[in-house]
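# Residue-level structure breakdown
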Amino acid sequence: MTEVIINIEKLSKQYSGKKALDSLELSIPRGSIYGLLGPNGSGKTTTLAMLLGITHPSSGEFHWQVEKKDIGALLETPNFYPYLNATENLKIINEIKNAPIANIDKVLEFVGLSSYKALKFSAYSLGMRQRLAIAGALLNDPQVLILDEPTNGLDPQGIAEVRNLIISLSKQGKTIVLASHMLDEVQKVCTHVAVLKNGDLRFEGAVAALLGNTRTLLLGHEDLEALVAACKTTVGVKQATIESKMVKVVLEESYTAAKINQSLAERGIYIDHLQTVQQNLEGQFLQILAS
C-alpha cells in the first residue's frame, strides 16, 4: 500500500461569497512529484496556501504526516535583499529556520550557485533567483517541498535547471507538490496530477493513468480506403480512421507497431509510412476541462 504524506478532506474556500475551492479531496503519495493543474482561478494557489497555513479553509480539513518544520515552500516571486549576496541572504533565512549554518554551502552547491555566492542578488538572472529561492526552501532539509509555478517566466535554460533540481530532489526521497500551467514540464517531471477547474476537482491520479496505455500510429499507403478497411479487421486495432492523408490507428495495450505491420503485410497490405504518435498531457488536459 502506498504511504500517503497528506490527506485532504472536503477542503473548501470562499472569498466574499465566491467559491475558490469546493470540497477538494486528495491523497498525495509520499515520494511523489504531484502537480496541481488548472487555468488561472482554478484554485491551485489557494490550495497550496491553505496547506501551508497561510490561508484558512472555509470548511474541510487536511492532515500532514510530517511536522511543519519538515515542509519547505516557494509560493511567490523570489524576494531577497538586492544589495546582499547569496550567502548573506540565506543567513537571514537560516536564522529564522534555526537550521545548521553548514547547510548554506550545501544548498548553494546543490542548486549550482556556489560559484556565485558572493554575487549580489541584484546581479542574478531570473533563473539564478529562482534557484536561490529553492535553496532557501531547502535550508532545513525538508521532507516536502511546495512550489507555486516554479518555472514561470524563465527562459528554456532556466526551466531545464529547475526541472533537473526537482527530479534530483525526488531521487532523494522528497515529496514535491507543485502548481503549474506549463503542461509539457509537468509531463516531464510529475508522477501524479490533479486537474482543477473553477475550484472543482476534474481528475486525480497517476500521470500514466491520465495519458492512458494506448498507442497511436499514423500509417501511410497508396490506397487509404483499403488500408483503413484492413486495419479495422486486424487484431489489436481498436480504431482506424483516415486523417490528413494518413490512417490513424489506435492500438490495444498489448499490441505493437511491429505486430500490426506484420499482420497487414501477411494480407498483402504494405505500408509506406509508420509513425508512432506520442500521447501528451495537453490533449488530455483540454479534454478534461471541456467535459
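Model, not experiment: these values are computed from the prediction.

Right, let's get into the environment of Val 228. Relative to the elements of secondary structure, Val 228 occurs in helix H8 (residues 224-232). With 14 residues separating them along the chain, Val 228 and Ile 242 place their C-alpha atoms 7.0 Å apart. Discounting chain neighbours no more than four positions away, the residues touching Val 228 are Ala 240, Thr 241, Ile 242 and Val 247.

Our focus in this paragraph is unusual backbone geometry. Look at Lys 10: it is not a glycine, yet its phi comes out positive at around 50°. Even without being glycine, Asn 98 reaches a positive phi, approximately 55°. If you trace the backbone, Asn 98 turns up in the loop between helix H2 (86-97) and helix H3 (103-110). Residue classification places Asn 98 among the exposed positions, given a relative accessible area of 70%.

Quick look at the pairing of strand E7 (residues 175-180) now. With six of six residues buried, E7 lies mostly within the body of the structure. Where strand E3 (residues 33-37) and E7 come together, five bridges link them in parallel fashion. Paired with Leu 36 across the strands is Ala 179, a residue of E7. Of the pairings in the sheet, the one linking strand E6 (residues 144-148) to E7 comprises five bridges and is parallel in character. Bridge pairing in E7 places Leu 145 opposite Ile 176.

A few words on the pattern of salt bridges. One pass over the structure, following the stated rule, counts ten salt bridges. Between Glu 3 and Arg 30 there is a salt bridge; the shortest N-O distance is 3.0 Å. Here the residue Glu 3 occupies a position in the segment before strand E1 (4-15), and Arg 30 occupies one in the loop between strand E2 (18-29) and E3, the gap between them amounting to 27 residues. Look at Glu 3 and you get partly exposed, because its relative accessible area is 47%. Its salt-bridge partner being Lys 19, residue Asp 200 comes within 3.4 Å of it at the nearest N-O pair. In this pair, Asp 200 is assigned in strand E9 (residues 200-206) and Lys 19 in strand E2, connecting sequence segments 181 residues apart. Among the charged side chains, a salt-bridge network with shared partners connects Arg 163, Asp 184, Glu 185 and Lys 188.

The rules behind the values
Residues numbered from 1 in each chain as written. Predicted model: local features only at pLDDT ≥ 70, side-chain atom pairs only at ≥ 80, totals over all residues. Heavy atoms only, no water. Helix = DSSP H or I, 4+ residues; strand = E, 2+ residues; numbered from the N terminus. Contact = heavy atoms within 4.5 Å. Buried < 20%, exposed > 50% of the residue type's maximum accessible area, 1.4 Å probe, protein only. Pairing = 2+ DSSP bridges. Salt bridge = Lys/Arg side-chain N within 4 Å of Asp/Glu carboxyl O.

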